[in-house]
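Overview (structure and organization)
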Amino acid sequence: MKNLIILSIYFALLFSSFSSYWYFYNDYYKESINAFINSPSEEDLDEIVDESDRYCEQIYLEATRRRDYTEIETAICWDLFAVKRQEELDYVTYMLKNRGVY
């Protein structure tokens, strides 16, 4: 009976470790992490052709963690900000898992 409990715990831990690594080998998370790593810097803003995308990227770089977004910025760029936040969360989770912290 004791061996059965230990064996079931072992398989549960083994399965959970495989499933947590699968999370990062999924194509969506690879794309999300790469998008965050390759997101435009201040120098790259001039290369963005679409004016609304350029504006939103500039606001994201200037305002994130420094100030609240204004109502106009939120109305125009809410979709981009949501995507950027999710990419950043995926990247942070990925890095913490690689370092064995999370």
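Predicted model only: the values in this text are computed from it and were never measured. (Residues numbered from 1 in each chain as written. Predicted model: local features only at pLDDT ≥ 70, side-chain atom pairs only at ≥ 80, totals over all residues. Heavy atoms only, no water.)

According to the stated counting rule, one finds one disulfide in the structure shown. At a sulfur-sulfur separation of 2.0 Å, the disulfide partner of C56 is C77. Across the S-S bond of C56 and C77 the torsion is about -85°, and the bridge reads as left-handed. Note that C56 is positioned in helix α3 (residues 51–63) and C77 in helix α4 (residues 71–98), a separation of 21 residues in sequence. (Disulfide = S-S within 2.5 Å. Helix = DSSP H or I, 4+ residues; strand = E, 2+ residues; numbered from the N terminus.)

Before going further, it helps to examine the layout of surface pockets. Empty space among the atoms becomes apparent when a probe as large as a water molecule is rolled across them. Roughly 160 Å³ of volume is contained in the largest pocket. As for the largest pocket, its lining consists of F36, S39, P40, E57, Y60, L61, T64, R65, R66, K84 and E88. Listing elements by their share of the lining of the largest pocket, those giving two or more residues are α3 and α4. The element best represented in the lining of the largest pocket is α3, accounting for three residues. When grouped by side-chain class, the residues that make up the lining of the largest pocket number four nonpolar, two polar and five charged. (1 Å grid on protein atoms, 1.4 Å probe; cavity = no way out; pocket = protein on both sides within 12 Å on 5 of 7 lines; lining within 4 Å. Points joined across faces, edges and corners; volume = space filled by probe spheres on them. Nonpolar A, V, L, I, M, F, W, Y, C, P; charged D, E, K, R; others polar.)

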